[in-house]
Amino acid sequence: MKLLVIIPARGGSKGIPHKNIKPLGGKPLIHYTIDIARQIASDEDICVSTDDEEIIKCVENYGLKVPFVRPDELATDTAGTYEVLLHALDFYEKKRKKYDAVLLLQNTSPFRKAEQVKEALKLYREDIDMVVSVKECAANPYYCVFEEDNNGYLHVCKGEGNIFRRQDAPKVYEYNGAIYIMNAERLKTTHMHKMQKRVKYVMDDLSSFDLDSMWDWQMAESIVAK
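Because the structure is a prediction, the values reported are computed rather than measured.

Caption draft 1: Expanded view of the packing of aromatic side chains. Counted under the stated rule, the structure contains five aromatic pairs. For the ring pair Y92 and Y99, a centre distance of 5.8 Å and an interplane angle of 85 degrees mean the geometry is edge-to-face. In this structure, Y92 and Y99 share a single accessibility class: buried. Chaining the aromatic ring pairs together yields one cluster made of F68, F91, Y92 and Y99. A cation over a ring is seen here: K27 above Y32, with NZ or CZ 4.5 Å from the ring centre.

This is how it looks when you write it as structure tokens:
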């Protein structure tokens, strides 16, 4: 299987300013993801997609060439990851490099392990759309997630009247943002969030840790320190 690893790294982070190159435990955040990618693929099959000159400098000082500067229209607050993936695929196809699958690694998962990515890759098959990493939901909608009716009363969203203990509720999962392995051809025709043939790879809470706010960053610093 020919695999393209894509690492999105937009420059205009709002929740955590300069997030992608901000040092975590003395190491730029994006270097954590590059280290994982290099255990999966060769440098020529790793694509950092960024619009930011500081990020380019940080990546290339680490020995990885940035293949292009992301267009401005794909670097706005409203630009989606899906469009960024399509742009990268198109760039390589114009250079006559065709890939079977795309591995999306986001920089916001610094505690993801290379072994986990390799295990997820083993689950991938040509007849599915995606292998995606998940974690078990802390708030199970069959038991403890509520919605409000027109009278202002709360009701359990699912399974009301049947499930009274958390242990009896079916397991449910949520994306953790750490690993996405997608069929490249399918990706060209179907948005990644609309793919139907999805296979899960379950990760623990620490590996699923996701950086979204400065509070998350402070927690991550504490984890690295320990």
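Picking up where we left off.
Caption draft 2: Up close: the state of the cysteines. Summed over all chains, the structure comprises zero disulfides. Cysteine C47 shares no disulfide, and the gap to the nearest cysteine sulfur, in C58, comes to 16 Å.

Caption draft 3: Summary view of the sheet that holds strand β6 (residues 130-136). Overall, mixed pairing links the six strands, which are arranged β4-β1-β5-β9-β6-β10 in an open sheet. Every other strand in the sheet has two partners, leaving β4 (46-49) and β10 (198-202) as the edge strands with one partner each. For this sheet the average axis-to-axis angle between neighbouring strands, irrespective of direction, equals 30 degrees. Pairing of β6 with strand β9 (residues 173-183), which is carried by six bridges, proceeds in the antiparallel orientation. Residue pairing for β9: V134 is matched across the bridge by Y175.

Caption draft 4: Local environment of the packing of helix α1 (residues 29-38) against helix α2 (residues 53-60). Interaxial distance between α1 and α2 falls to 10 Å at its minimum, and their mutual angle equals 45 degrees. Overall, the two elements α1 and α2 adopt an arrangement that is oblique. Two packed elements cross with a definite hand, and for α1 against α2 that hand is right-handed. From α1, I30, H31 and I34 reach across to α2, where they touch I55, C58 and V59. Taken together, the residues of the contact of α1 with α2 sort by class into five nonpolar, one polar and no charged.

Caption draft 5: Quick look at helix α6 (residues 214-225). The terminal C-alpha atoms of α6 lie 16 Å apart, and with twelve residues this matches the ideal 16 Å at 1.5 Å per residue to within 8%. Contacts made by the buried residues of α6 are with β2 (23-24) and α1.

Caption draft 6: Representation of the pairing of β9 within the structure. Counting buried positions along β9 yields eight of eleven residues, so the element is predominantly enclosed. Two elements, strand β5 (residues 101-104) and β9, share four bridges in a ladder whose sense is antiparallel. By the bridge assignment for β9, L104 is matched with Y180.

Caption draft 7: Representation of helix α3 (residues 81-94) in the model. When the terminal C-alpha atoms of α3 are compared, their 20 Å separation across 14 residues agrees well with the 20 Å that a helix rising 1.5 Å per residue should span. Turning to α3, its buried residues are Y82, V84, L85, A88, L89 and Y92. Angularly, the buried residues of α3 cover 165 degrees about the axis, an arc narrow enough to put them on a single face.

Caption draft 8: Highlighting the side chain of T190. Examined against the element boundaries, T190 turns out to sit in the loop between α5 (184-187) and β10. Leave out the neighbours within four places in its chain, and T190 touches Y82 and M195.

Caption draft 9: Representation of the pattern of salt bridges. In the structure shown here, the tally under the stated rule is ten salt bridges. For D90, the salt bridge is made with K94, and the minimal N-O distance between the two is 3.1 Å. Here D90 and its partner K94 are both found in helix α3, four residues apart, which amounts to about one turn of the helix. By relative accessible area, which is 35% here, D90 ends up partly exposed. Using a relative accessible area of 65% as the deciding quantity, one classes K94 as exposed. Note that K98 is salt-bridged to E185, the shortest N-O span being 2.6 Å. Here K98, found in the loop between α3 and β5, pairs with E185, found in helix α5; they are 87 residues apart in sequence, far enough to count as distant. Among the charged side chains, a network of salt bridges with common partners joins E93, K98, E185 and K188.

Procedures and definitions
Residues numbered from 1 in each chain as written. Predicted model: local features only at pLDDT ≥ 70, side-chain atom pairs only at ≥ 80, totals over all residues. Heavy atoms only, no water. Phe/Tyr/Trp six-rings, centres within 6.5 Å; stacked < 30°, edge-to-face > 60°. Buried < 20%, exposed > 50% of the residue type's maximum accessible area, 1.4 Å probe, protein only. Lys NZ or Arg CZ within 6 Å of the ring centre and 35° of its normal. Disulfide = S-S within 2.5 Å. Pairing = 2+ DSSP bridges. Helix = DSSP H or I, 4+ residues; strand = E, 2+ residues; numbered from the N terminus. Axes fitted to C-alpha atoms, helices over the stretch in contact; angles between N-to-C directions. Parallel < 35°, antiparallel > 145°, perpendicular 65-115°, else oblique. Left-handed = near helix turned anticlockwise from the far one by under 90°. Contact = heavy atoms within 4.5 Å. Nonpolar A, V, L, I, M, F, W, Y, C, P; charged D, E, K, R; others polar. Expected span 1.5 Å × (residues − 1). Arc of directions from axis to C-beta. Salt bridge = Lys/Arg side-chain N within 4 Å of Asp/Glu carboxyl O.

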